[in-house]
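Structural overview for review
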Amino acid sequence: MTTTTLDLDIGGMTCAACVGRVERGLKKVDGVQDASVNLATERASVTFDPALTSAAELVQRVTDTGYEARTADLSFPVEGMTCAACVGRVERALKKTDGVLEASVNLATERASVTYLPGATSPAALKEAVRGAGYGVPDEAAQAQGKEALSRLETERARKAGEIAALRRAVTFSAAFSVPLLLIAMLPMLWPALDMWLMDSVGMRTLNVIMLALAAPVQFGPGRRFYRTGWAALRHRSPDMNTLVMLGTSAAFGYSLLVTLAPGLFPPGSAHVYYEASGVVITLILLGKLFEAIAKGRSSEAMRTLLALQPNVARVQRGAEVVEVASDDVRVGDLVLVRAGERLPVDGEVTEGRSYVDESMLTGESVPVEKSAGSRVTGGTVNGTGALSFRATGVGADTALSRIIRMVEDAQASRPPIQGLADRVVAVFVPVVLVIAALTFLSWLLLGGEGALANALIHTVAVLIIACPCAMGLATPVSIMVGSGKAAQLGVLFRTGAALEGLGRANVIALDKTGTVTQGRPEVTDVVLAEGSPLDRDELLRLTAAAESSSEHPLARAIERAALLLPLPSRERAGVRGKVSDDPAQSFAATDFQAIPGYGLRATVEGRRLEVGAARFMAQLGLSLGALETQANALAERSRTPVFVAVDGVLSGLIGVADPVRAGSAQAIRTLQSQGAEVALITGDARATAQAVAAEVGVSRVLAEVLPEGKADAVAELQAGGRTVAFVGDGINDAPALARADVGVAIGTGTDVAVETADVILMSGDLRGVPNAVALSRATLRNIRVNLFWAFAYNIVLIPVAAGVLSAWNLNLSPVLAAAAMGLSSVFVLTNALRLRGFRPPLAPNAHQDGEMAAMRQEVPA
């Protein structure tokens with residue numbers, strides 16, 4: 001069965017109950033395997049079988065549930081159509097694109113009109129679908145300079161701005177009626193003389209009619225939104241925050257309306273109106289929603305920063321001309337030109353020019369990176385003082401920036417384990433509140449004495465208003481949203497919310513050695529001949545380099561680089577002619593190559609059989625190390641890896657290779673230990689070598705001589721006793737351990753396999769990103785716990801007060817104060833989460849030496 005995942009932008013959700021209702025509605029659709037909804041991002045991620053359902057059916061289900069699945073419209077020209085068959089072909093290509101709901105093509109105007117889900121596809125993908133069908137899409141961006149459809153960033157900003165503007169208008173309208181309503185209701189209570197004057201000159205009945213005239217526009221104007229969604233929720237037997245507001249304000253308004261129209265129906269002392277309760281409550285709730293929308297907009301600032309990294313326009317060589325096109329319209333293979341100081345629009349490979357590129361927004365590294373012909377460049381980074389020309393290799397959704405944005409969005413949309421507590425509570429919270437409200441009404445009605453009906457109404461309305469579960473629904477997702485966005489700014493990518501939570505809980509950090517703690521670019525330090533060996537040192541090195549030419553192990557590259565530094569005659573005998581090749585693997589010749597994972601390799605060079613590898617390989621071959629064992633141990637004590645070489649079945653010597661420790665590794669490990677984590681080193685190297693490196697960086701626990709398939713078992717060993725283990729690695733052989741660990745952390749400069757397997761990715765190769773990520777994870781977890789505590793405590797404390805449990809001590813909570821408190825609880829949760837934007841990592845990458853920095857800043861010729 002083939003499944004696909006679709007993202008929907010959902011409008012109208014206000015609390016955790018809304019989230020649950022949308023999820024349940026989507027999961028009931030045939031073919032849907034999973035649905036996850038995030039209140040903070042207002043997005044739903046749905047995994048479904050496209051053979052059983054469609055995007056349009058999912059959108060319809062969201063609509064039927066009482067919410068809005070936001071869509072976007074796009075119109076663009078299409079070239080090359082000649083008949084109705086062309087129109088049908090273009091329409092079919094567009095309709096096959098994920099997220100397209102409707103597509104129509106007009107042959108006369110030569111334009112395509114598409115309705116699509118902005119979270120599932122993009123204008124660039126739609127145009128590419130048309131090109132894939134064999135038709136052209138003229139570059140309107142170059143002709144119209146920004147008159148094309150809004151970019152995703154602009155669309156999101158426009159939607160948020162529209163939402164805030166609509167709420168501001170609703171608040172202003174409500175306040176214009178509610179403020180005089182509140183003054184008419186409250187001032188006579190505070191000023192008895194005014195009360196007497198009003199009764200004598202205006203009369204109670206006339207005052208009630210005036211207040212009705214002021215309350216009705218609020219109740220059925222801005223308050224209509226609560227009826228629309230609240231009634232839909234009640235009809236689906238899933239009451240939410242809107243339902244509570246609808247019931248509470250309707251009760252107050254309906255009771256007051258009856259008192260106004262038929263006061264004789266009520267017992268003496270109970271014919272009071274509460275128009276101010278309904279009007280002011282709606283106004284205050286809308287004001288809280290306005291503050292909430294503004295705060296939520298700020299919480300997505302990190303994502304907007306990432307989206308803003310890609311420039312809108314790119315300069316591309318098309319034929320003999322240089323033209324400006326929209327970045328989305330750059331194609332793979334295009335030659336892109338970038339001036340000094342400009343931001344790179346897409347990924348590519350430099351063909352001409354030399355410059356330094358600031359990659360700090362993607363990697364967190366503050367030092368610019370030199371780029372010249374052959375260098376890889378990433379879209380979104382900033383060019384320095386030189387001009388660059390590069391060939392586009394990644395465009396649209398295939399750029400590194402797009403993948404990073406997608407990963408951050410996935411993390412923000414996912415549900416961490418800690419969210420489970422809030423979900424379980426919210427699932428029963430609103431029904432329980434309705435029961436409490438009913439019991440409150442009955443209790444006051446039966447036991448309230450004089451004015452029982454009025455008191456029952458007031459306390460019931462207060463319970464309904466105070467219990468809106470907005471804060472509970474926002475407590476976790478908004479912290480995850482801000483935390484993951486901040487992490488992206490620091491060069492740390494969390495794939496899921498569970499990874500963000502899990503890293504903070506890790507009490508053991510296991511580190512791969514090569515390429516993680518060390519630079520992963522070892523160098524030859526020693527060449528030692530066996531006693532009686534017929535070879536000299538140069539010949540042993542060149543033969544070994546030739547044998548290693550087909551190996552992918554980092555030690556092989558070190559030996560090859562050392563051989564390239566041999567005097568010219570030795571290099572020529574090794575197969576190097578003239579200028580040294582940039583690719584050492586092309587400089588040597590070997591046949592019958594065979595890699596033996598975890599042991600070494602076997603190859604034939606110039607008719608000689610070479611076996612190269614670790615001591616255990618020599619033992620497997622039945623060769624005695626002899627005096628070389630002492631030499632090997634001495635090298636290992638100095639952090640050098642001994643590589644034994646046997647020629648034609650005779651042990652001929654060994655080569656010592658050292659892999660320098662990365663700058664900052666020791667500092668990172670000390671910081672992790674100060675954070676309370678146990679740090680362990682896992683490596684396939686000899687124990688003495690591993691111990692030497694461990695001593696240099698301050699690690700006490702070492703698991704050495706671990707074969708690639710044994711790294712996952714080593715992680716399992718560290719997990720004994722229920723400990724949470726995070727494993728940090730960068731190589732292909734680290735993938736099983738990354739998958740086995742509770743949290744896998746990949747060095748972003750490592751292999752694709754490691755990056756794809758990991759839960760957390762450090763965009764730079766600096767190990768100091770690990771304690772930074774741990775610190776941010778723990779800060780986010782603390783933030784979530786504070787949010788959940790206040791969200792729950794607020795309801796636990798104030799619901800009894802609203803119900804009138806403390807009335808004997810004259811401690812009551814009016815509906816107006818309840819509405820204000822409810823709005824403030826959501827604003828508090830959002831404001832607390834926004835504090836994560838000010839997070840400061842415990843470590844920052846060290847800058848290079850001043851001389852190097854000065855060289856980078858100087859003007860570089862194009």
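Residues numbered from 1 in each chain as written. Predicted model: local features only at pLDDT ≥ 70, side-chain atom pairs only at ≥ 80, totals over all residues. Heavy atoms only, no water.

Looking at an unreviewed UniProt entry, the protein carries the name Heavy metal translocating P-type ATPase, with the source organism given as Deinococcus koreensis. Recorded in UniProt under Sequence similarities (unreviewed entry), the annotation for the protein is "Belongs to the cation transport ATPase (P-type) (TC 3.A.3) family. Type IB subfamily." (UniProt positions renumbered as here; feature names shortened; annotations may be inferred.)

1. Description of the overall build of the protein
Counting secondary structure elements, the protein contains 33 helices and 29 strands. The proportion of buried residues among the 862 residues of the protein is 54%. Looking at the protein alone, contacts between residues at least 24 apart form 69% of all its contacts between residues at least 6 apart. A total accessible area of about 36600 Å² is found for the protein, and carbon and sulfur atoms account for 56% of it. (Helix = DSSP H or I, 4+ residues; strand = E, 2+ residues; numbered from the N terminus. Buried < 20%, exposed > 50% of the residue type's maximum accessible area, 1.4 Å probe, protein only. Contact = heavy atoms within 4.5 Å. Areas by Shrake-Rupley, 256 points an atom, 1.4 Å probe, with all protein chains shown as cover.)

2. Considering the UniProt feature "transmembrane region" (unreviewed entry) in the protein
UniProt feature "transmembrane region" (unreviewed entry): in the numbering of this structure it lies at residues 170-191, 203-223, 244-266, 272-291, 425-447, 453-476, 788-809 and 815-834. The span residues 272-291 is 85% helix and 0% strand, and its two end C-alpha atoms sit 33 Å from each other. Helix and strand shares over residues 815-834 are 100% and 0% respectively, and the end C-alpha atoms of the span are 29 Å apart.

3. Some words on the sheet that holds strand β7 (residues 111-116)
One open sheet holds the three strands; their spatial order is β5-β7-β6, and the pairing between them is antiparallel. Edge positions in the sheet fall to β5 (72-77) and β6 (100-106), since each has one partner strand and no second. Within the sheet, the average angular offset between the axes of one strand and its neighbour, ignoring direction, is 15 degrees. Relative to β7, β5 runs antiparallel, the two sharing six bridges. Residue A72 lies in a different strand from β7, and its bridge partner there is Y116. Across the sheet, helix α3 (residues 84-95) touches β5, β6 and β7, and the angle it forms with β6 is around 160 degrees. Against the sheet, helix α4 (residues 123-132) makes contact with β5, β6 and β7, and its axis sits at roughly 40 degrees relative to β5, the strand it touches most. (Pairing = 2+ DSSP bridges. Axes fitted to C-alpha atoms, helices over the stretch in contact; angles between N-to-C directions.)

4. A few points about the packing of helix α21 (residues 537-548) against helix α22 (residues 554-563)
In contact at an axis separation of 9 Å, α21 and α22 are set at 135 degrees when each is read in the N-to-C sense. As summarised for this structure, α21 and α22 are arranged oblique, according to the angle between their axes. The way α21 lies across α22 gives a crossing that is left-handed. Side by side, α21 and α22 meet where L541, T544, A545 and E548 of the first sit next to A556, R557, I559, E560, A562 and A563 of the second. Per-class residue counts for the contact of α21 with α22 are six nonpolar, one polar and three charged. (Parallel < 35°, antiparallel > 145°, perpendicular 65-115°, else oblique. Left-handed = near helix turned anticlockwise from the far one by under 90°. Nonpolar A, V, L, I, M, F, W, Y, C, P; charged D, E, K, R; others polar.)

5. Concerning the packing of aromatic side chains
The tally for this structure, following the rule as stated, stands at six aromatic pairs. Both rings, one in W790 and one in F828, keep their centres 5.8 Å apart while their planes meet at 70 degrees; by these two values the pair is edge-to-face. Taken as a pair, W790 in helix α31 (residues 769-803) and F828 in helix α32 (residues 815-834) lie far apart in primary sequence, 38 residues in all. By relative accessible area, which is 44% here, W790 ends up partly exposed. (Phe/Tyr/Trp six-rings, centres within 6.5 Å; stacked < 30°, edge-to-face > 60°.)

6. A look at the pairing of strand β1 (residues 4-11)
Taking burial as the measure, the eight residues of β1 include seven buried ones, the bulk of the element. The sheet contact formed by β1 and strand β3 (residues 43-48) spans six bridges and is antiparallel. Residue pairing in the sheet places L6 in a bridge with V46 of β3. Across two bridges, β1 lies against strand β4 (residues 68-69) in antiparallel orientation. Bridge pairing in β4 links G11 to E68.

7. A closer look at the packing of helix α18 (residues 477-489) against α32
Running from N to C, α18 and α32 point in directions that differ by 20 degrees, and their axes come no closer than 9 Å. Overall, the two elements α18 and α32 adopt an arrangement that is roughly parallel. Note that α18 runs across α32; the crossing there is right-handed. Every residue of α32 that contacts α18 at V478, S479 and V482 is listed here: V829, L830, A833 and L834.

8. So, helix α28 (residues 711-718)
Listing the buried residues of α28 in full gives K711, A712, A714, V715 and L718. Viewed end-on, α28 has its buried residues packed into an arc of 155 degrees, placing them on one side of the element. Taken together, the buried residues of α28 touch β18 (508-512), β25 (678-682), β26 (701-703), β27 (725-729) and α29 (735-740). (Arc of directions from axis to C-beta.)

9. Concerning the pattern of salt bridges
Note that side chains of opposite charge can pair when their charged atoms are close. In this structure the tally under the stated criterion is 23 salt bridges. The salt bridge partner of E342 is R339, with a shortest N-O separation of 3.1 Å. On the basis of relative accessibility, which here comes to 44%, the residue R339 falls in the partly exposed class. The structure contains a network of salt bridges with shared partners spanning E539, R542, E606 and R608. (Salt bridge = Lys/Arg side-chain N within 4 Å of Asp/Glu carboxyl O.)

10. Notes on the sheet that holds β4
In space, the four strands of this open sheet follow the order β2-β3-β1-β4, with antiparallel pairing throughout. Looking at strand neighbours, the two that pair on one side only are β2 (32-38) and β4, the edges of this open sheet. Taken strand by strand, helix α1 (residues 16-27) contacts β1, β2 and β3, and its axis lies near 165 degrees from that of β2. Against the sheet, helix α2 (residues 55-64) touches β1, β2, β3 and β4, its axis set at about 30 degrees to β1.

11. Focus on the pairing of β25
Judged by how many residues are buried, β25 sits mostly within the fold: four of five residues are covered. As judged from the five bridges shared by β18 and β25, these two strands associate in the parallel manner. Among the inter-strand pairings, V508 is bridged to a residue of β25, identified as E678. Inspection of the sheet shows β25 paired to β26 by three bridges, in the parallel sense. Its bridge partner lying in β26, A680 is registered against R701. In terms of handedness, the path from β25 via helix α27 (residues 687-697) over to β26 forms a crossover that is right-handed. (Right-handed = clockwise from strand over helix to strand, strands pointing away.)

12. Examining helix α25 (residues 628-637)
Looking only at α25, the buried set comprises L628, A632, L635 and A636. Looking straight down α25, one finds that the buried residues subtend no more than 100 degrees of arc, so they occupy a single side. Turned more than 90 degrees from where α25 packs its buried face, T630 and E637 sit exposed. Buried-residue contacts for α25 involve β19 (523-529), β23 (640-647), β24 (650-658) and α27. One or two steps after α25, the chain reaches S639, where phi turns positive at roughly 65 degrees.

13. A short note on the confidence of the model for the protein
On average, the protein scores 80 in pLDDT, and the residues at 70 or more come to 84%. The secondary structure element of the protein with the lowest average pLDDT is helix α33 (residues 850-857), at 34, and the one with the highest is strand β22 (residues 608-613), at 93. Note on residues 141-150: pLDDT under 50 across the span, and eleven contacts to partners over four residues away in sequence or across chains. In the model, residues 847-862 has pLDDT below 50 throughout and makes 21 contacts with residues more than four positions away in sequence or in other chains. (pLDDT = per-residue confidence, 0-100.)

14. Focus on a nonpolar patch on the surface
A surface patch of nonpolar side chains, about 450 Å² in accessible area, is lined by L442, L445, L446 and L447. Note on placement: L447 falls in helix α15 (residues 419-447). A residue is classified by how much of its surface remains accessible, and L447, at 73% relative accessible area, is exposed. (Patch = residues over 30% accessible without salt bridge, like charges linked within 9 Å, V, L, I, M, F, W, Y side chains within 5 Å.)

15. A short note on unusual backbone geometry
Most peptide bonds are trans, and most residues other than glycine sit at a negative phi. Backbone geometry at D592 places phi at a positive 55 degrees, although glycine is not the residue there. The topology assignment puts D592 in strand β20 (residues 591-596). Note on D592: relative accessible area 61%, which makes it exposed. Its identity is not glycine, yet E705 carries a phi of approximately 55 degrees, on the positive side. Classification of E705 by relative accessible area gives partly exposed; the value is 45%.

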